[in-house]
Amino acid sequence: MSVHARLHATVPSLLSSPQAGPPEIAGPPGRRMLVQRSDEEIVAQPLDDVFAAIPGAEVRFPAPWPRSRGTWEVSPDASLTVFAGVHAVRAVEPSGATRWEVRHGCWYGACRTMHESYGEYAEDPSHRYPDGGSVGFSADGALVWAHVRGPLPDGELSPDTVDEWLVIDTGTGRVLARANAESAAAGSLHVPHPADPHRMGLSIGEGQDGAPLRLGNWDGERLDVTYVEGDLCLMNVSPSGERLMTVSHDQNELSVRDLHGILLDGLAWDAESVLPPHPDAPSEDEDEEPVYWDWAGGFVDESTLVVSTVESDDEWGEVRHWLLDTTGTHGLRPIAYPARPSGRPAALGNGAWATPSESGDALHVWVAASW
């Protein structure tokens, strides 16, 4: 039996620019905001409890480089945006002023230059498609965690260090702690603990080579890093902060783990075992690709996951989203939407999840109408 989804709210896009990225709901629980990025700026708008925009609360941050040249994160109070670029991590205020900048090695693999500005390589064709890192704010906004390409100018770590993981003071830009990420990233994603500002997850993508997972805990003086075994993509943290949702690099296994990355007993689901084939897929096709999990989803609540199989379904027609009860009571059940869904779901942790509109100019927020 399907779980029926009821539309809770529609949150419209902030930017009409044709080169703007899709809108996203960001921020920790209780401090949600709608965020969208174009080449020129980031716009953030706080959202209230029913995901209706607060009138006049829009904040704009001028961007130091184009959208394709890095990632970014807006602080929980929307007072600062930190941009993770090709050569530096830069904190920008709404006025456009740079609060601080931490320079690092160039993310273009063959380049060994310590660039001082974006202009040095802006027109260089070889720097057009660099690898990249990411940044993430702690739940209270006091810390910025940054995954960067080494070395930093002071050379504190070994010269053989490829990627570094930094803890930075949001107010001053002072690097408080550093660790060897032990990776050679093509990209990464920070997943913050919802309540503990000293904990952070770092999901790293190395292309076809793997997906290292790092879990960080900074006690105010020392950064301890757990190097989780296996190639795992960290998708989300539960509302309590006690459970992690991961998907294997090969997209075959979905699992729930504790804060140290240890698999919880009975909470792993093999895609080939639990996912039915798409109803429109030809059953006689021996070369048919098996259904597999997307690198997407998360905790709708402490014991329920929203997950999807969009990537493997797309060839056959309508994509599928699922709710998974991790207690074992209801198991995996498909979500029935009032209209055809599009894109991958994003969990909001308050009993709701979001999906992009078909045109990509809005987000739909859903709750389960039945279970």
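See above for the structure.
Treat the numbers as computed from the prediction; the structure is a model and nothing was measured.

Cut-offs and rules
Residues numbered from 1 in each chain as written. Predicted model: local features only at pLDDT ≥ 70, side-chain atom pairs only at ≥ 80, totals over all residues. Heavy atoms only, no water. Helix = DSSP H or I, 4+ residues; strand = E, 2+ residues; numbered from the N terminus. Buried < 20%, exposed > 50% of the residue type's maximum accessible area, 1.4 Å probe, protein only. Phe/Tyr/Trp six-rings, centres within 6.5 Å; stacked < 30°, edge-to-face > 60°. Lys NZ or Arg CZ within 6 Å of the ring centre and 35° of its normal. Pairing = 2+ DSSP bridges. Axes fitted to C-alpha atoms, helices over the stretch in contact; angles between N-to-C directions. Contact = heavy atoms within 4.5 Å.

A. Just unusual backbone geometry, in detail. Positive phi values are uncommon outside glycine, yet alanine 78 reaches one of about 55°. By secondary structure assignment, the location of alanine 78 is in the loop between strand E6 (71-74) and strand E7 (81-84). Judged by relative accessible area, which is 10%, alanine 78 ranks as buried. With a phi angle near 50°, glutamate 182 is a residue other than glycine that sits in the positive phi range.

B. Fine view of the packing of aromatic side chains. Enumeration over the complete set of coordinates arrives at 3 aromatic pairs. Ring centres of tyrosine 337 and tryptophan 366 lie 4.8 Å apart, and the angle between their planes is 70°; this geometry places the pair in the edge-to-face category. One end of the pair, tyrosine 337, is in the loop between strand E25 (332-336) and strand E26 (346-347); the other, tryptophan 366, is in strand E28 (residues 362-368), with 29 residues separating them in the sequence. Relative accessible area serves as the criterion here: at 6%, tryptophan 366 is assigned to the buried category. The residue whose ring lies beneath arginine 37 is tryptophan 72, and the NZ or CZ to ring-centre distance is 5.0 Å.

C. Here's a closer look at the sheet that holds strand E15 (residues 199-205). Read across the sheet, 4 strands follow the order E14-E15-E16-E17 without closing on themselves; strand pairing throughout is antiparallel. Here the strands that pair on one side only, and so sit at the sheet edges, are strand E14 (187-192) and strand E17 (223-228). Across the sheet, the axes of successive neighbouring strands diverge by a mean angle of 20°, strand direction being ignored. Examined bridge by bridge, strand E16 (residues 213-218) and E17 share 6 bridges and lie antiparallel to one another. Considered in E17, the bridge of arginine 214 is made with tyrosine 227.

D. Focus on the environment of methionine 33. By secondary structure assignment, the location of methionine 33 is in strand E3 (residues 33-37). Put simply, methionine 33 and proline 76 are 43 residues apart on the chain and 8.3 Å apart in space, counted from C-alpha to C-alpha. Beyond its immediate chain neighbours, meaning those up to four positions away, methionine 33 contacts Glu24, Ile25, Ala26, Ala44, Gln45, Pro46, Leu47, Val74, Ser75, Pro76 and Ala78.

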